[in-house]
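Letter by letter, the chains look like this.
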Amino acid sequence: MKKSTSIALILVVGAAAAAAYLTRASWSGGNTSAKAPPRVRVVAVELAKAERKPVPVDVDSIGMVTPISSVALKSRVETTILAVHFEDGAKVKEGDLLFTLDSRQIDAQIEQAEGTLMKDRAQLAGAERDVRRFSDLIGKGATTQVNVDNAKTASDILAGTIQADQSALDNLKVQKSFTQIRAPFAGRISQANVKVGNFVRPADTTPLAIINQMAPVYVSFAVPQRVLADLREAMAAGSTKVIATIPQSGRSEDGKVAMVENTVDSTTGMVTVRGIMNNPSETLWPGILVQTKLIVRSEDGVVVPTVAVQRSQTGNFVFTVKDNIAHVQPVTVDRTAQGMSVISSGLTGTEDVVVDGQLLLTEGTRVEARARKAGA
């Protein structure tokens, strides 16, 4: 009895196992071949537009501002200062009176020279009368030729004396003009190194003051010799431009190339260039260092942000995006300036290029554009 019961139990368990195996598709969640496909990866990136536009061919350098004209005022006579007619550091115009010097000694010498001149003129008039008198008498036989010749000699001597007197008087008047020191050109004057009552003389080494011309001014800087040929062509065409910017302030002035040094420095391969800047608002101050940009010419080119350009063992490339698909595009970079790269080949100027998120991209990666960060 027990043996038959065990056999029956084994048969029931086997039947249940077989039924479970046959219906495994229903209780296990269906056919495994019907699973949903995996989700496609999408990378969020920032995009920028490649542009074709005129691009300046320029050279950056460090320059120094120098005045076109600078004069150290000095006294040309030995005397004292009577008056100073300007404020330290003031702007002056051409012809402005700056210093008045004591001229009393020269005035006395002028009066003396004028008296001497009047005396000699009176003597000349008497000598000329003697010449006329002796000339009349010799015609009547009342005098000798010797007297006539002596009268003419005396008259000629006095004529020369008067000319010397006049020259001495003119020289004294010139000396007196030195007692009024005026501005030879418009500019900005330094502080006065002497005050009223100081004794000055031509041998003094310290100038009374210094005037620098402020507008226009020169900016001198050096550029590589490789741009010399293009620079000379641009100068002949009158198309050069120089921009001088004061560091950290952003204030700048522009002008043109005035001169190129006639020799290239053989030790550095650099040539000195001098630009002339109008500087109407006196932005550029003599002696300061400025950042200069020499623009030789402009030419059309494709421009992209420099951050878009990636580098690999095979060369430079950018990721372009078309229909939300990223593509690797090899490019040739001509030059880079101010955060932009000029592309000489590889782009036409109409593409969207990736400027942020390139590390997650490969050829064919699906992307979506996100808003660019402020200031990017």
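Residues numbered from 1 in each chain as written. Predicted model: local features only at pLDDT ≥ 70, side-chain atom pairs only at ≥ 80, totals over all residues. Heavy atoms only, no water.

When its secondary structure is counted, the chain shows five helices and 22 strands. Within the chain, buried positions represent 32% of all 376 residues. Excluding contacts between residues fewer than 6 apart, the proportion of contacts in the chain whose partners are at least 24 apart in sequence is 76%. Surface summary for the chain: the accessible area is close to 23100 Å², and the carbon and sulfur share equals 53%. (Helix = DSSP H or I, 4+ residues; strand = E, 2+ residues; numbered from the N terminus. Buried < 20%, exposed > 50% of the residue type's maximum accessible area, 1.4 Å probe, protein only. Contact = heavy atoms within 4.5 Å. Areas by Shrake-Rupley, 256 points an atom, 1.4 Å probe, with all protein chains shown as cover.)

Quick look at the pairing of strand β11 (residues 217-224) now. As judged from the five bridges shared by strand β2 (residues 51-67) and β11, these two strands associate in the antiparallel manner. Bridge pairing in β11 places M64 opposite S220. One ladder, built from eight bridges, connects β11 with strand β14 (residues 270-277); its direction is antiparallel. By the bridge assignment for β14, Y218 is matched with I276. (Pairing = 2+ DSSP bridges.)

Bringing helix α3 (residues 104-140) into the picture now. When the terminal C-alpha atoms of α3 are compared, their 55 Å separation across 37 residues agrees well with the 54 Å that a helix rising 1.5 Å per residue should span. Every buried residue belonging to α3 is among I106, I110, A113, L117, D120, L124, G126, A127 and V131, and all of these are buried. Those residues of α3 that are buried are in contact with α4 (145-177). Following α3 by one or two positions, G141 has its phi on the positive side, about 75°. (Expected span 1.5 Å × (residues − 1).)

Following the criterion strictly, the structure yields two aromatic pairs and no others. Aromatic side chains F317 and F319 sit 5.5 Å apart centroid to centroid with 85° between the ring planes, which places their arrangement in the edge-to-face category. Across the pair, F319 and F317 agree in class, each one buried. Over the face of the ring belonging to Y218 we find R274, whose NZ or CZ atom lies 4.5 Å from the ring centre. (Phe/Tyr/Trp six-rings, centres within 6.5 Å; stacked < 30°, edge-to-face > 60°. Lys NZ or Arg CZ within 6 Å of the ring centre and 35° of its normal.)

This paragraph deals with the sheet that holds strand β7 (residues 180-182). Across the sheet, four strands lie side by side as β7-β6-β4-β9; this open sheet has antiparallel pairing. Edge positions in the open sheet fall to β7 and β9 (199-200), since each of these has one partner strand only. Here strand β4 (residues 79-84) pairs with strand β6 (residues 97-101) via three bridges, running antiparallel. Looking across to β6, one finds that A83 is bridged to T100.

With that settled, consider the nonpolar core. By size, the foremost hydrophobic cluster in this structure holds 29 residues, and its most contacted members are L73, L98, F99, I189 and I211. Elements with a contribution of two residues or more to this core: β6, α3, α4 and β10 (209-212). No other element matches α3, which puts six residues into this core. Apart from the residues within four sequence positions on either side, L73 is in contact with L98, F99, I181, P184, I189, P207, L208, A209 and I211. V59, V65, L231 and V260 belong to the second-largest nonpolar core, a separate cluster that totals 21 residues. (Core = buried A, V, L, I, M, F, W, Y, C linked by side-chain atoms within 4.5 Å.)

With that settled, the discussion passes to the layout of surface pockets. In this structure, the largest pocket spans a volume of roughly 230 Å³. In terms of lining, the largest pocket is formed by K53, P54, V55, P56, D58, K293, V303, R335, A337, Q338, M340 and V342. If you list the elements that add at least two residues to the lining of the largest pocket, you get β2, β15 (289-305), β19 (332-337) and β20 (340-345). For the lining of the largest pocket, the element with the most residues is β2, which contributes five residues. Class assignment for the residues of the lining of the largest pocket results in seven nonpolar, one polar and four charged. Space inside the second largest pocket adds up to approximately 160 Å³. (1 Å grid on protein atoms, 1.4 Å probe; cavity = no way out; pocket = protein on both sides within 12 Å on 5 of 7 lines; lining within 4 Å. Points joined across faces, edges and corners; volume = space filled by probe spheres on them. Nonpolar A, V, L, I, M, F, W, Y, C, P; charged D, E, K, R; others polar.)

In this section: the side chain of E282. You can see E282 is positioned in the loop between β14 and β15. With relative accessibility at 14%, the residue E282 sits in the buried group. For E282, the side chain forms a polar contact with the side chain of R188, separated by 2.7 Å. Excluding residues that lie within four positions of it along the chain, E282 makes contacts with K91, R188 and M214. (Polar contact = N/O pair within 3.5 Å; in protein donor to acceptor, adjacent residues only side chain to side chain.)

So, about the pattern of salt bridges. Inspection of every chain in the model, using the stated rule, returns 16 salt bridges. Across the salt bridge formed by D88 and K195, the nearest N and O atoms sit 3.9 Å from each other. Of this pair, D88 sits in the loop between β4 and β5 (91-92) while K195 sits in the loop between β8 (187-189) and β9, and the two are 107 residues apart along the sequence. D88 gets classed as partly exposed once you look at its relative accessible area, which sits at 45%. For the salt bridge of R370 with D356, the shortest nitrogen-to-oxygen distance reads 2.3 Å. (Salt bridge = Lys/Arg side-chain N within 4 Å of Asp/Glu carboxyl O.)

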